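Overview (structure and organization)
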Amino acid sequence: MFYEAFPIELNDDLQEVLKIIPKETYNNVNIGYSENGLEYCLNDVIIKIPYRMYFIDVESAKIDDFTDIQKEIFYCIYTRSINGYIREKYLRELLKLDFDYWAIPFIVKLSDEYIVEILEVIYDKLKIRNNYDIKQFCLENKNIINKSYSRMISYWNEFYRSKEPCFYKYIGRKLFMECLGYNRTFQR
């Protein structure tokens, strides 16, 4: 199921990563993963990533032996965990890297989270970086990014409006506008 989420040239590295993910993790119940998964366009190629999955965390010592690419793949996979703490843990690790273009869908998908702490992690890392590559990815995926923006608004309205009544100051909006390049052209 993960082979459609990464460029084909990473298949050998992906195989190494999948060896340490406990089999009961992704062979059991998969929330949100269907034959379709989440589809994004990445350099004119359709990729599919799982929506949410049950992941049993692994010992960090097992990850230490990975190459940098294998670590990046592992972090991307674990950002799809059903557990918000695990998503945040591996998102932090991913954002420490000079991540590759193929990792962007995993980061961008987390931008429509209902967990504001995850939005803050992403915003804090991306606001100090040149995000041309992320903005290009978002332009390539206008429709899904527009839906993600709407989803982020609905979470703000449901969970955070009482804490931050001014939507223009909300971290999710700032993330989309400043770091992902969201603007009115996405709505057309």
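Please read these numbers as outputs of a predicted model, since none were measured by experiment. (Residues numbered from 1 in each chain as written. Predicted model: local features only at pLDDT ≥ 70, side-chain atom pairs only at ≥ 80, totals over all residues. Heavy atoms only, no water.)

1. A look at the nonpolar core
Counted only if it meets this: Nonpolar cores were defined as sets of buried Ala, Val, Leu, Ile, Met, Phe, Trp, Tyr and Cys residues, with membership established by side-chain atoms within 4.5 Å. Each residue is assigned to one of three classes by its accessible area relative to the maximum for its type, calculated with a 1.4 Å probe on protein chains only: buried under 20%, partly exposed between the two thresholds, exposed over 50%. Numbered from the N terminus, helices here are DSSP runs of H or I no shorter than four residues, and strands are runs of E no shorter than two. Residue contacts are counted whenever heavy atoms from the two residues lie within 4.5 Å of one another.
Counting 64 residues, the largest nonpolar core has Phe6, Phe74 and Ile77 as its most contacted members. Looking at this core element by element, the count peaks at seven residues for helix α7 (residues 116-126). Setting aside residues up to four positions removed in sequence, Ile77 forms contacts with Phe2, Phe6, Leu14, Val17, Leu18, Ile21, Phe55 and Phe106.

2. Some details on the layout of surface pockets
Any empty space left between atoms is shown by rolling a water-sized probe over those atoms. Selection criterion: With a 1 Å grid laid over protein atoms only, a set of points is called a cavity when a 1.4 Å probe fits there but cannot get out and a pocket when it is open yet has protein on both sides within 12 Å along at least five of seven lines; lining residues have an atom within 4 Å of a point. Grid points are joined across faces, edges and corners, and a volume is the space filled by probe spheres set on the points. When residues are grouped by polarity, Ala, Val, Leu, Ile, Met, Phe, Trp, Tyr, Cys and Pro land in nonpolar, Asp, Glu, Lys and Arg in charged, and all others, Gly among them, in polar.
When its volume is computed, the largest pocket comes out at roughly 160 Å³. Forming the boundary of the largest pocket are Glu4, Phe6, Pro7, Leu42, Asn43, Val45, Ile46, Ile47, Tyr101 and Trp102. When residues in the lining of the largest pocket are grouped by element, the largest group, three residues, is from strand β2 (residues 45-49). Here the lining of the largest pocket is built from residues that sort into eight nonpolar, one polar and one charged.

3. Digging into the state of the cysteines
Heads up, the rule is: Any cysteine sulfur atom paired with another within 2.5 Å is treated as part of a disulfide.
Scanning the entire structure with this criterion turns up zero disulfides. Unpaired in terms of disulfides, Cys41 finds its nearest cysteine sulfur in Cys138, a separation of 13 Å. The thiol of Cys179 is unpaired, and the distance to the nearest cysteine sulfur, on Cys138, comes to 10 Å. Cys179 sits in the buried class, given a relative accessible area of 1%.

4. Notes on the pattern of salt bridges
Put simply, the rule reads: In the sections that follow, a salt bridge refers to a side-chain nitrogen of Lys or Arg positioned within 4 Å of a carboxyl oxygen of Asp or Glu.
Applying the stated criterion across every chain yields a total of 12 salt bridges. A salt bridge links Lys96 to Glu93, with the shortest nitrogen-to-oxygen separation between them at 3.1 Å. Here Lys96 and its partner Glu93 are both found in helix α5 (residues 84-96), three residues apart, which amounts to about one turn of the helix. Given a relative accessible area of 58%, Lys96 falls into the exposed group. A relative accessible area of 26% means that Glu93 is categorised as partly exposed. A cluster of three or more residues bridged by salt bridges with shared partners is formed by Glu4, Glu39 and Lys48.

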